[in-house]
Amino acid sequence: MKKWQENIQRYKEKIDMWESTKWAKGLRVSSSVIWNLSLLLMVGILTLGVFGLSVGAGYFASLVKEEPLRGKDEMRSAVFNYEETSEVYFAGDVYLGKLRTDLERTETNLSEVSPYVIDAVLATEDEYFEVHKGIVPKAIFRGLLQDVSNSDTQTGGSTLTQQLIKNQILTNEVSYERKAKEILLAMRLEHFMNKEEILEAYLNIIPYGRNSNGRNIAGIETAANGIFNVKAKDLNLPQAAYIAGIPQAPFAYTPFRQGGEIKEGEALQLGIERMKIVLFRMNETGYITDEEYKNAVSYDITKDFREPETLPEDKYPWLTAEVENRVKEILRDQFAEADSIDPARLDNEKKLYQKYDILAQRSISTDGYRIHTTINKDMYEAMLKVRDEFEFYGHTFQKEVKDEDSGEIVVKDFPVQVGGMMIENGTGKILSFLGGRDHKIEAQNSATQGIRPIGSTIKPLLVYAPAIEYGVIGAGSPVVDLKLEKLGSTTWSKSPSNYTTEQELGIISARDALTTSQNLSTIRLYDLIMDRKPTQFLTKMGFEHIDEAEYANHALSIGGMTNGATLEENTNAFGTFANNGQFIDAYMIEKIEDVDGNVIYQHEVEPVPVFSAATSYIITDMLRDVMSDGTAKLAKARLKFQSDFGAKTGTTQNHNDSWLVGYNPNISLGVWLGYGDDTQTLYYMNNRYNHPSVRINMLWSNMMNAMYDVNSELVDAPNNFTAPEGVVTRSFCGISGLAVSDACSQAGLVKSDLFNAAVLLPTAKDDSLISSSYVQINGNRYRALDSTPGEFVVSGGYGVNQDFINRMLGKFGGNASKLFPAKSAFGGNVVSEEVFNADGSAPAAVSAAMSNGTITWSKSTSGDVVGYRVYEVINGQRTLLSSTKEAAGNSLSINRAGQFIAVAVDITGLESAASNIVSIEAVVPTEPIVPPTAPEENEEPTTPPIVVEPVTPPPVVEPVTPPVEEEPPPTSGGEE
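Residues numbered from 1 in each chain as written. Predicted model: local features only at pLDDT ≥ 70, side-chain atom pairs only at ≥ 80, totals over all residues. Heavy atoms only, no water.

### Examining the overall build of the chain
The number of helices and strands found in the chain is 29 helices and 32 strands. Residues classed as buried in the chain amount to 49% of the 976 residues present. Surface summary for the chain: the accessible area is close to 47,600 Å², and the carbon and sulfur share equals 51%. (Helix = DSSP H or I, 4+ residues; strand = E, 2+ residues; numbered from the N terminus. Buried < 20%, exposed > 50% of the residue type's maximum accessible area, 1.4 Å probe, protein only. Areas by Shrake-Rupley, 256 points an atom, 1.4 Å probe, with all protein chains shown as cover.)

### Observations regarding the pattern of salt bridges
Tallied over the entire structure, the rule returns 36 salt bridges. For Arg345, the salt bridge is made with Glu349, and the minimal N-O distance between the two is 2.8 Å. On the basis of relative accessible area, Arg345 is assigned to the partly exposed category, the value being 37%. Note on Glu349: relative accessible area 31%, which makes it partly exposed. Glu872 serves as the salt-bridge partner of Arg896, at 2.6 Å between the closest nitrogen and oxygen. (Salt bridge = Lys/Arg side-chain N within 4 Å of Asp/Glu carboxyl O.)

### Quick word on a negative patch on the surface
Residues Glu329, Asp347, Glu544 and Asp585 make up a contiguous surface patch of negative charge. As for its placement among the helices and strands, Glu329 is situated in helix H15 (residues 317–338). With a relative accessible area of 43%, Glu329 lands in the partly exposed category. (Patch = residues over 30% accessible without salt bridge, like charges linked within 9 Å, V, L, I, M, F, W, Y side chains within 5 Å. Lys, Arg positive; Asp, Glu negative; His and termini not counted. Charge placed at Lys NZ, Arg CZ, Asp CG, Glu CD.)

### A word on the state of the cysteines
Summed over all chains, the structure comprises one disulfide. What pairs with Cys733 in a disulfide is Cys744, and their sulfur atoms sit 2.4 Å apart. Judged by the sign of its S-S torsion, about 105 degrees, the cystine formed by Cys733 and Cys744 is right-handed. Of the two residues, Cys733 sits in strand E20 (residues 727–733) while Cys744 sits in helix H28 (residues 742–746), which places them 11 residues apart along the sequence. On the basis of relative accessible area, Cys733 is assigned to the buried category, the value being 0%. (Disulfide = S-S within 2.5 Å.)

### Concerning the sheet that holds strand E23 (residues 780–783)
With respect to topology, four strands assemble into an open sheet ordered E23-E22-E24-E25, the strand pairing being mixed. Whereas interior strands pair on both sides, the edge strands pair on one side only; in this sheet they are E23 and strand E25 (830–831). Of the pairings in the sheet, the one linking strand E22 (residues 769–777) to strand E24 (residues 794–800) comprises five bridges and is antiparallel in character. Residue pairing in the sheet places Ser771 in a bridge with Tyr798 of E24. (Pairing = 2+ DSSP bridges.)

### So, empty space enclosed by the protein
Throughout the structure, instances matching the rule amount to two cavities of 30 Å³ or more. Its volume calculated, the largest cavity comes out at about 50 Å³. Contributing to the lining of the largest cavity are Ile423, Glu424, Asn425, Gly428, Thr571, Asn572, Gly575, Thr576, Asn579, Phe583, Ile584 and Ser668. Those elements that provide at least two residues to the lining of the largest cavity are strand E9 (416–424) and helix H22 (567–578). Top element by residues in the lining of the largest cavity is H22. It accounts for four residues. (1 Å grid on protein atoms, 1.4 Å probe; cavity = no way out; pocket = protein on both sides within 12 Å on 5 of 7 lines; lining within 4 Å. Points joined across faces, edges and corners; volume = space filled by probe spheres on them.)

### Brief notes about the packing of aromatic side chains
Across all of its chains, the model carries 26 aromatic pairs by this definition. Both rings, one in Phe390 and one in Tyr393, keep their centres 5.1 Å apart while their planes meet at 75 degrees; by these two values the pair is edge-to-face. Assessed through its relative accessible area of 7%, Phe390 is described here as buried. Tyr393 sits in the buried class, given a relative accessible area of 4%. One aromatic cluster is present, built from ring pairs that chain together Tyr470, Phe537, Phe574, Phe577, Phe611, Tyr663 and Phe721. (Phe/Tyr/Trp six-rings, centres within 6.5 Å; stacked < 30°, edge-to-face > 60°.)

### Quick notes on the sheet that holds strand E10 (residues 430–434)
Spatial strand order, E10-E9-E19-E18-E17: five strands in an open sheet with antiparallel pairing. Looking at the sheet topology across the chains shown, the edges are occupied by E10 and strand E17 (646–651). Within this sheet the neighbouring strands show an average axis-to-axis angle of 5 degrees, counted without direction. Of the strands in this sheet, E9, E10 and strand E19 (667–675) are in contact with helix H17 (residues 377–389), which crosses E10 at around 25 degrees. (Axes fitted to C-alpha atoms, helices over the stretch in contact; angles between N-to-C directions. Contact = heavy atoms within 4.5 Å.)

### Some details on the confidence of the model for the chain
Note: predicted coordinates in regions of low pLDDT should not be interpreted at a detailed level. In this model, the chain carries a mean pLDDT of 85, and residues with pLDDT of at least 70 account for 84%. With pLDDT under 50 throughout, residues 929–976 is counted as low confidence; its partners more than four residues away or in other chains account for 66 contacts. (pLDDT = per-residue confidence, 0-100.)

### Quick notes on helix H9 (residues 220–228)
For H9, a buried count of eight out of nine residues is recorded, marking the element as mostly surrounded by other parts of the structure. If you check which residues of H9 are buried, you get Ile220, Glu221, Thr222, Ala223, Ala224, Gly226, Ile227 and Phe228. Elements that come into contact with the buried residues of H9 comprise strand E3 (104–105), helix H4 (115–125), helix H8 (195–205), strand E4 (207–210), strand E5 (216–218) and helix H10 (237–245). Immediately downstream of H9, the backbone of Asn229 shows phi near 60 degrees, a positive value.

### Details of the nonpolar core
Ranked by internal contacts, the top residues of the largest apolar core, which has 114 residues, are Leu319, Met422, Tyr464, Met541, Trp700 and Met704. Setting aside residues no more than four positions away along its own chain, Trp700 makes contact with Met627, Ala635, Leu639, Phe645, Leu660, Val661, Gly662, Leu669 and Val671. Listed in part, the 60 residues of the second largest apolar core include Leu189, Leu203, Ile246 and Phe305. (Core = buried A, V, L, I, M, F, W, Y, C linked by side-chain atoms within 4.5 Å.)

### Things to note about the side chain of Asn519
With respect to the secondary-structure elements, Asn519 resides in helix H20 (residues 519–529). For Asn519, a relative accessible area of 0% translates into the label buried. A polar atom in the side chain of Asn519 sits 2.8 Å from the side chain of Lys459. (Polar contact = N/O pair within 3.5 Å; in protein donor to acceptor, adjacent residues only side chain to side chain.)

### Thoughts on the environment of Pro607
Examined against the element boundaries, Pro607 turns out to sit in the loop between strand E15 (599–602) and strand E16 (608–609). What makes Pro607 partly exposed here is its relative accessible area of 45%. Sequence separation between Pro607 and Gly428 is 179 residues, and the spatial gap between their C-alpha atoms is 9.6 Å. Among all residues touching Pro607, those that are not within four sequence positions of it are Gln582, Phe583 and Ile584.

### Comments concerning unusual backbone geometry
In this model, Ser517 sits at a positive phi of 55 degrees, which is unusual for a non-glycine residue. Among the secondary structure elements, Ser517 is positioned in the loop between helix H19 (510–515) and H20.

### A few points about the packing of helix H12 (residues 265–284) against helix H13 (residues 290–297)
Interhelical geometry of H12 versus H13 gives an angle of 175 degrees and a closest axis separation of 10 Å. Between H12 and H13, the angle is such that the two are roughly antiparallel. On the side of H12, the interface is formed by Met275, Lys276, Leu279, Phe280 and Asn283, while H13 contributes Asp290, Tyr293, Ala296 and Val297. (Parallel < 35°, antiparallel > 145°, perpendicular 65-115°, else oblique.)

### Focus: the side chain of Arg524
Here Arg524 shows up in helix H20. With no salt bridge to any partner, buried Arg524 finds its closest opposite charge in Glu504, at an N-O distance of 6.6 Å. Side-chain polar atoms of Arg524 contact the backbone oxygen of Gly813, separated by 2.5 Å. With residues near it in sequence (within four places) discarded, Arg524 still touches Val480, Leu482, Lys483, Leu484, Met808, Leu809, Phe812, Gly813 and Gly814.

Quick look at the structure:
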């Protein structure tokens, strides 16, 4: 112990000696200083670190101070708010396609995605996805360092959660503020959503460049279909790797250009190289084996790229545009109602309309609706086929116009346009329509947007059906078809006319007037009901372009409209007759579903009472005659099936428009032809393409036959129209519409037809007829005068009294002598008792000629001639040979030799001067006369020739050739 202590003491002395040296003292001082400085440095670094963290935290806090504290529901709602493309379906859930949009997207579930896709995304985009809490700090610092140092290598640092925040809640703005908010919200979102939900949302929102049609696309399902034409769950490994690599640079790596063409060369190779990088990362992280990697890298991905397909708006341009417009209208009203705004205000307040129109359009483009239409795909395509194969549209005009894009003068075609629509009467479903011929030439929908005057198709809607409903007429009631002598309050400067300009049919039945589409009788009938404002019926039937005061325009009754109507409105209105007087508004959108399958709109049928069932049946029965005997009989003759149809044609002024609407108990079909320029006439080159009325008949029958081929059970209605209670058949006096009198019966004027018993029956007895004798002048009948020679008078006929004449002519007046023309439907001996005002002068002479024993003479130029007399001239004295009534013709057979003249006789009995003398020469024998012998059996007896002895004629009077009255074609009637 003592020794140990001695040794310690000895060591201590040596240390003290060492420390006492000069260099040891210096070392001790230096070490102390270094130690103290180290302590100070460590404290400084620690202080600076704390300060830096404090400053960084403060800076971070300042960046996110404006970001509101978002709750769970708000963040989840924002994340799952995908901009999904709306889809359209034909009737029967037949897929049509997607509506036009800036970004195409279809939502899918994670369970419907190939595992290869999930592995590729995690390996490439977020290696630590399953374990991080929204961010990866080292990745953030790495990205920050690269940004601060301006490094050429930018590896990025965003997790899938951060990318989700950037795309769905924030923006793509490049700034520290946006990045700070992204980090904060990503960590917060991880508390509100599980990993599967985050991954599913990411796969649905991420952009993937363009599809094979050049459209911008987003979402894995849309990418799989648009690039490879497969579902997301069916993607193979190389396909999954290719798609997973696209989001880093969508438009660089997508294989398609903006127009949809496949890229070439280096541009295409970029995406392929990116696919190989993704495959490498998948192999490196253990998602695929070496063998899988080797096979996938060598896979020819280019053979899987989808070929461009015809887009719905290219194949069905009018249909997709029409569906979009109608859906927008529905949503516009819904959004307004949701804000407690009456949708009717949108029609009158422009700014309000624009606001909700924008909201509706945005919703269609982004909310992924499933839109179900009423359009039958097979019928629609059959209509397109009829359109393309029809050869008789008419002439295509050409003119120079200024090109909107280049500003150059180019020659543009202006062909005849066409419209068609078929509607199911009982439901209002628009089964099919035809919008035009070439969308590139004319984009306006001729079936739903073209507003044109509808010609004579307006007559049953505005005139005849209302007149029956008001109790003014029955189906066979008499109407007057005479020109208007007193125009009164009308806007016409001269009397309107029928289609055949000089035609005046006198008293005819309402049925015949409608069948042959007479204008004059329609105008007169409309005048009787005009003060009741029958345009109210048009308004109830959905006509939206009839001005309130337009009812006072007489021209409206024959189609002279200020604006017009669409083909849809016109066709839809005729369905009212098929529905027993109930108007059912036509529609195209059956229902709309949101992305979750909830029905947000379902069409409901709401019938509007317009006419009584009795009136509707009666007008239908009248329109049956249009197809059997009137202006639509060609259409009926060309049908391949027999059905109970009613129809009406229509032609506007100068044949600028041609219409035909026909219906049976099940369906209504309307067609229209006309130029986009409504000043051009279809009548041009008429001989080459057929009369416009013939063309429209042909087009209608072609379409109806095509529709029959698609669905014969629907188009060929199994049942006929049946008369409802209140429709009765009654007899009446045809010229007055009153109950039958004895005189009417004796004159053979009794008619029978349909009446609406609730409003009109022929009860008051007819008292219009009186006994009469008459003469005929130029096809018109007049009461004979006391001085009228008896041989020209027709006795034992019937005339009508002045009260009847005044009642029938009404305020418009007219030539009463034409009430019962020679070709009147009433025939017989009925005259109007009109007195002809003779001029008091002898009629003009005629010229005569003889040929083969027949004398002929020209017609006298005087207007009061009732007949002609032929005299034989013997020694300068006249002997009456024969008298001929004016209507009987201008010739007489003579069977003996002699000299003859002809004279005209007027209604007062005055004769004209004699015509030139014509002769038949007696035969002069040159041989002894041999008594004739009886001819042998089968031998024709011989007749000596007639020799005409030449005479010196009086001064020659040039014969006057009577004008030839052109007989209108069977389908012609009033101007339509």
